[in-house]
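The chain contents come next:
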Amino acid sequence: MVRALDHHLRPEVKATPFCPGCGHGILLGLILRKIDALEWDIGEMLFVSGIGCAAWIPSPNYLADTLHTLHGRAVAFATGAKLANPALKVMVISGDGDLASIGGNHLIHAARRGIDLTVVCANNQIYGMTGGQVAPTTPKGSRTATTADGNPYPPFDLCKLVKAAGATYVARGSVLRPRQLMDEIGKALTTPSFSFVEVLSPCPTQYGRRNRLDTPAAAMDEIRDHCRVRVEAGEAGSCAADMLLLGEYGDG
Amino acid sequence: MPYSTIPTGVPAGQRYMSGNEAAAEAAIAAGCRFYAGYPITPSSEIMDNLSRLLPAHDGAFIQMEDEIGSISAVAGASWSGAKAMTATSGPGLSLMQECLGYAVFTETPLVVIDVQRAGPSTGQATKVGGGDVMTVKYGSHGDYQVVAFAPWSVAEMFSLTVEAFNAAEKLRVPAFVLAEEATGHLFERVDTPSEVRVYDRDYRPGEPPFDTPELDGVPSMPRFGQGENLLVTGSTHNGLGFRKVEDPEVHDRLVRRLNRKVLARKDELCRYETHFVDDAKLVVVAYGFTARSALRAVKLARAAGSPVGMLRFVTLWPFCREIVEEIAARDVQFLVPEMNLGQVADLVQAASLGRRVEALGQVNGKTIAPASILQAIEGIL
């Protein structure tokens, strides 16, 4: 961990709980770096998470109010916490299965309402904690514990989904492009309405080992090779079906 | 002291109103400043009324996307410092069960008004039922205690809603008003108070928020935004909130304390009324709307010379077993009319010291008529 950010971490926490090669530790640090750069007092923030690997990014690591909730319900808990005390700066950090599968309904309704929450979805494209089952974000064809012959279904495009539901600020980043991601997190935090940042994060342990990407470097290469920023994607702003477009999702 | 007597903030005096309206006003009186809910018959009027009342009292109201979201938002709001509640009926109560367990385990004060309808499943959505007695106590997984009151009148929809908030805040548990459709939709004259005694959560700076030195204690209740850097989790946790999911002693101590903190306060939580039990050979045990019919039947039977009495439970959870045992020490029989197939009758049986307990269950979507209870009394005596 970056020692300069130690004051944002609970002194009792001595290490991250993540597997070797997991991208969530990078995201844990980048969020703190951005909050630090914004000169926000993290002690005045509330971090809400659900259940799963990504839910352990804020809880218990961040030295702030943290609410580790039920599987899928982080956004609903955050909605209540924010409405009951609008002075709180509320950030939800959770995983793709948590926010987009079991909690998908809460996500789109919060986006529709425009309540001032920032939701960061750490997307590792798999259910990591439970042993590598297929997620609603798993690429079509990928092998998982429950799709041995390859995922027969296409994934959600979470950014398009949340944007269509009415979110004010939507962006997709990756832990492999930290400066762009920090910029997006900063814009999301300072958006006075519902904001959403999807963060691609490698999971060599559960996703990688079933898909010939079982070293941290290979899992990172896969994300690098399948993500394009807009300027790289051509003037149409689109990319191949198996590619994910990084950057902000504006109107239209 | 966390208890204080405060103006209700809602109209006082002689009123003609429904049970659901009374519950909504009582929530305001008790200090409730957050409601999240989802429409469901026959509880919806509570939400309708609070959607108007809460903004007028600097509170927040939100209609959520479902009951799971509703109870989750209520728990989140409670940690932000608001007295918070929802109201629902059977299907919604079923959806809320996971989060009710979360509220138990994280010691989150909240109130649920369950206006019961005839189940299982969608059942008779607009008709009265009483089948949720066990659901509120045992519906979520694991071992736990809750508080539940059963109002028999519009006046008690008011007073017991206030008491549910007091119990929830004092014990840091989910507290239920276990009403029935008949009471929620009942219109009758009530005399609402101008002041009520309310309990405001006890925050003791410096104390751990999730444990006490006592094995039956209620910890200090802080809130978000106080600089406490709270660590709230539904996983097994120590007194400071750190996950300790592999420590058998931490889990054992926590689960036992959460049960003990309620059971150790049974004396103050257990409320009941007795009518004519001193000379009774048969005691009718009733609660909620059914107790109205039961009291009528008991009075008619006594007028005809039958030695009948009545015990009315106002508190259903924790179950007031001791009063049943006290009555059962005499030579009596019990009759338990209820709008389910014997949920409380089984509890009475277990406390009856071997006395005869007759269950009079009715599950046809109608309230139990005094004549039905009178007939059962005559059949026994």
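Just so it is clear, the structure is predicted and the values come from calculations on it, not from any experiment.

**Student:** How would you summarise the overall build of chain A if you had to cite specific residues and measurements?
**Tutor:** What chain A contains, in helices and strands, is seven helices and eight strands. A compact globule built from 252 residues should have a C-alpha radius of gyration of about 18 Å, and chain A, at 17 Å, falls within 12% of that. A buried classification covers 53% of the 252 residues belonging to chain A. Of all intrachain contacts in chain A linking residues separated by at least 6 positions in sequence, the fraction that spans at least 24 positions is 62%.

**Student:** Describe the domain arrangement of chain B, with residues and values.
**Tutor:** Residue and element names in this part refer to chain B. What the domain assignment lists for chain B is domain 1 (3-199) and domain 2 (273-380). On a C-alpha basis, the centres of domain 1 and domain 2 stand 26 Å from each other. Elements that contribute at least two residues to the side of domain 1 that touches domain 2 include exactly β7 (124-128), α6 (133-138), β8 (147-149), β9 (174-180) and α8 (181-184). Classifying every residue of the side of domain 1 that touches domain 2 gives 14 nonpolar, six polar and three charged.

**Student:** I'd like a rundown of the confidence of the model for chain B, residues and numbers included.
**Tutor:** Residue-level pLDDT values for chain B average 98, and 100% of them are 70 or greater. Here the predicted complex scores 0.97 on pTM and 0.97 on ipTM.

**Student:** For helix α2 (residues 74-84) of chain A, give the residues involved together with the corresponding values.
**Tutor:** Within α2 of chain A, 11 of the 11 residues are buried, which leaves it mostly tucked inside the rest of the structure. Three or more residues of α2 of chain A are buried, namely A74, V75, A76, F77, A78, T79, G80, A81, K82, L83 and A84 of chain A.

**Student:** Break down the sheet that holds strand β1 (residues 45-49) of chain A for me, citing the residues and quoting the values.
**Tutor:** Sheet architecture is open: nine strands sit in the order β7(A)-β8(A)-β5(A)-β6(A)-β4(A)-β3(A)-β1(A)-β2(A)-β12(B), paired in mixed fashion. Since the sheet does not close on itself, it has two edges, and those belong to β7 (227-229) of chain A together with β12 (231-233) of chain B, each with one partner. Averaged over all pairs of adjacent strands, the angle between strand axes in this sheet comes to 25°, irrespective of strand direction. Where β7 of chain A and strand β8 (residues 244-248) of chain A come together, three bridges link them in parallel fashion. Within β8 of chain A, the position partnered with C227 of chain A by the bridge is L244 of chain A.

**Student:** Let's hear about the pairing of β7 of chain B: which residues, and what values?
**Tutor:** Each regular strand displays side chains that alternate between the two surfaces of the sheet. Residue and element names in this part refer to chain B. In the sheet, strand β6 (residues 110-118) pairs with β7 via two bridges, with the strands oriented antiparallel. Pairing of A118 across the sheet is with Q124, part of β7. From the end of β6 to the start of β7, which pair antiparallel, there are five residues, and S121 there has a positive phi angle of about 55°.

**Student:** Before we move on, could you go through the interface of chain A and chain B and cite the residues and values that matter?
**Tutor:** Contacts between chain A and chain B engage 29 residues on the former and 35 residues on the latter. Here the side of chain A that touches chain B takes eight residues from α2 of chain A, the largest share from any one element. Looking at the side of chain A that touches chain B, its residues break down into 14 nonpolar, 11 polar and four charged. Relative to β12 of chain B, strand β2 (residues 65-68) of chain A is paired through three bridges, and the arrangement is parallel. Counterpart to H68 of chain A in the pairing with β12 of chain B is T233 of chain B.

**Student:** Tell me what's going on with the sheet that holds strand β18 (residues 357-361) of chain B, and back it up with residues and numbers.
**Tutor:** Residues and elements named next belong to chain B. If you walk across this open sheet you meet the five strands as β13-β15-β14-β17-β18, and the pairing is mixed. If you trace the sheet from one side to the other, it starts and ends with β13 (272-275) and β18, each paired once. Direction aside, neighbouring strands of the sheet carry axes that sit 20° apart on average. Running at roughly 160° to strand β17 (residues 333-338), helix α14 (residues 370-380) makes contact with β14 (282-287), β15 (308-313), β17 and β18 of the sheet.

**Student:** Give a detailed account of the environment of R172 of chain B, specifying residues and quantitative values.
**Tutor:** Residue and element names in this part refer to chain B. One can find R172 in the loop between α7 (154-171) and β9. Sequence separation between R172 and R201 is 29 residues, and the spatial gap between their C-alpha atoms is 8.1 Å. The residues touching R172, leaving out its near neighbours within four places in the chain, are E107, T108, P109, V218 and M221.

**Student:** Pulling in residues and values, what's your account of the environment of A26 of chain B?
**Tutor:** Residues and elements named next belong to chain B. Its location among the elements puts A26 in helix α1 (residues 19-30). Judged by the 28 C-beta atoms lying within 10 Å of it, A26 is buried. Taking C-alpha positions, A26 is 32 Å from D346, a pair spaced 320 residues apart along the chain. Not counting residues within four places of it along the chain, the set of residues in contact with A26 comprises M157, F158, T161 and V162.

**Student:** Please set out the nonpolar core residue by residue, giving values where relevant.
**Tutor:** A81 and V120 of chain A together with F34, V147 and V284 of chain B are the most contacted members of the largest nonpolar core, which totals 210 residues. Each of domain 1 (3-199) and domain 2 (273-380) of chain B contributes no fewer than three residues to this core. Residues contacting V120 of chain A, with those up to four places away along its chain left out, are I31, M91, V92, I93, I185, V197 and V199 of chain A.

**Student:** Which residues make up unusual backbone geometry, and what are the values?
**Tutor:** Omega for the bond connecting S59 of chain A with P60 of chain A falls within 30 degrees of zero, at 10°, which places this linkage in the cis form. With an omega of 0°, the peptide bond running from G119 of chain B to P120 of chain B counts as cis. In this fold, P120 of chain B is placed in the loop between β6 and β7. Unusually for a residue other than glycine, R212 of chain A sits at a positive phi of about 55°. The residue R212 of chain A is located in the loop between β6 (195-200) and α7 (216-225) in this model. Its 9 C-beta neighbours within 10 Å are what place R212 of chain A among the exposed residues. The phi dihedral of D58 of chain B falls on the positive side, at around 60°, and the residue is not glycine. Along the chain, D58 of chain B falls in the loop between α2 (44-56) and β4 (60-63). Assessed through the 7 C-beta atoms surrounding it within 10 Å, D58 of chain B is described here as exposed.

**Student:** Explain α2 of chain B to me, using residue names and the numbers behind them.
**Tutor:** Residues and elements named next belong to chain B. The terminal C-alpha atoms of α2 lie 19 Å apart, and with 13 residues this matches the ideal 18 Å at 1.5 Å per residue to within 8%. Within α2, the axis deviates most sharply at L50, by approximately 30°. Every buried residue of α2 is accounted for by I46, M47, N49, L50, L53 and L54. In this structure, the buried side of α2 is in contact with α1, β3 (32-37), β4, β5 (83-88) and β6.

**Student:** I'd like a description of the packing of α1 of chain B against α7 of chain B, backed by residues and values.
**Tutor:** Residues and elements named next belong to chain B. Here α1 crosses α7 at 35°, and the two axes come no closer than 8 Å. Like other packed secondary-structure pairs, α1 and α7 cross with a definite hand, here right-handed. In this structure, α1 contributes G19, A22, A23, E25, A26, A27, A29 and A30 to the contact, and α7 contributes V154, M157, F158, T161, V162 and F165. Residue composition of the contact of α1 with α7, by class: 11 nonpolar, two polar and one charged.

Cut-offs used in this document
- Residues numbered from 1 in each chain as written.
- Chains lettered and ligands numbered in written order.
- Predicted model: local features only at pLDDT ≥ 70, side-chain atom pairs only at ≥ 80, totals over all residues.
- Helix = DSSP H or I, 4+ residues; strand = E, 2+ residues; numbered from the N terminus.
- Rg over C-alpha atoms; globule rule 2.2 N^0.38 Å.
- Buried ≥ 20, exposed ≤ 12 C-beta atoms within 10 Å, placed from the backbone.
- Contact = placed C-beta atoms within 7 Å.
- Domains from an automatic or database assignment.
- Nonpolar A, V, L, I, M, F, W, Y, C, P; charged D, E, K, R; others polar.
- pLDDT = per-residue confidence, 0-100.
- Pairing = 2+ DSSP bridges.
- Axes fitted to C-alpha atoms, helices over the stretch in contact; angles between N-to-C directions.
- Core = buried A, V, L, I, M, F, W, Y, C linked by C-beta atoms within 7 Å.
- Expected span 1.5 Å × (residues − 1).
- Bend = angle between axes of the 7 residues up to and from the residue.
- Left-handed = near helix turned anticlockwise from the far one by under 90°.

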